[in-house]
Amino acid sequence: MRGGQSLAEALESCLAEWSERTGIAVETWALPATDVPSRVSRAVMATIDEALSNVELHSRARTVSIAVTVSKSGLRMTVSDNGQGFHTPGAGSGIARMRAAFTELGGSLSVNSVLGEGTTVTGVVPRRG
């Protein structure tokens, strides 16, 4: 990350800047307490940037909740908003980019959206060997 920052530090500063700029509250549920490989950190940051951009542009959300956890099984990232939601068929190129970032790492990404209730993006990267 920038200047030797950990993923947790990079996320904290990114989320604070984004919240201040957009006026949308960010609830941080969990950030990784351990080091995360740089490839995984980059994918998580790029995906969260894209998810936050979608929230800002499309969701009309008042709050975004973020959790990034690391366990024996791997990394799990969740970005959830309380916005207007959308129909997921034919979702845009941003979702395709987020999915590709996790797929490249051997992981997966899902997007669940409920009209009138919000959207949740969940990405999982299994721990390697």
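What you see is a predicted model, and the numbers here were worked out from it, not measured in a lab.

Procedures and definitions
Residues numbered from 1 in each chain as written. Predicted model: local features only at pLDDT ≥ 70, side-chain atom pairs only at ≥ 80, totals over all residues. Heavy atoms only, no water. Helix = DSSP H or I, 4+ residues; strand = E, 2+ residues; numbered from the N terminus. Rg over C-alpha atoms; globule rule 2.2 N^0.38 Å. Buried < 20%, exposed > 50% of the residue type's maximum accessible area, 1.4 Å probe, protein only. Contact = heavy atoms within 4.5 Å. Areas by Shrake-Rupley, 256 points an atom, 1.4 Å probe, with all protein chains shown as cover. Pairing = 2+ DSSP bridges.

Peer 1: Let's hear about the overall build of the protein chain: which residues, and what values?
Peer 2: Within the protein chain, the regular secondary structure consists of three helices and five strands. Along the chain direction, N to C, the helices and strands of the protein chain fall in the order α-β-α-β-β-α-β-β. Its C-alpha radius of gyration of 14 Å places the protein chain within 12% of the 14 Å reference for a compact globule of 129 residues. Per-residue burial over the protein chain gives 43% buried out of 129 residues. Restricting to contacts in the protein chain with at least 6 residues of sequence separation, those with at least 24 account for 64%. Accessible surface computed for the protein chain: about 7100 Å², of which carbon and sulfur atoms make up 51%.

Peer 1: How would you explain the pairing of strand S5 (residues 118-126) if you had to name every residue and give the values?
Peer 2: As defined by bridge partners, strand S3 (residues 74-81) adjoins S5 across seven bridges and the pair is classed as antiparallel. Bridged to Gly74 within S5 is Pro126. Sheet analysis places strand S4 (residues 108-114) next to S5, joined by seven bridges and oriented antiparallel. Within S5, the position partnered with Ser113 by the bridge is Thr119. Counted along the chain from S4 to the antiparallel partner S5, the turn is three residues long, and its residue Gly116 has a positive phi close to 80°.

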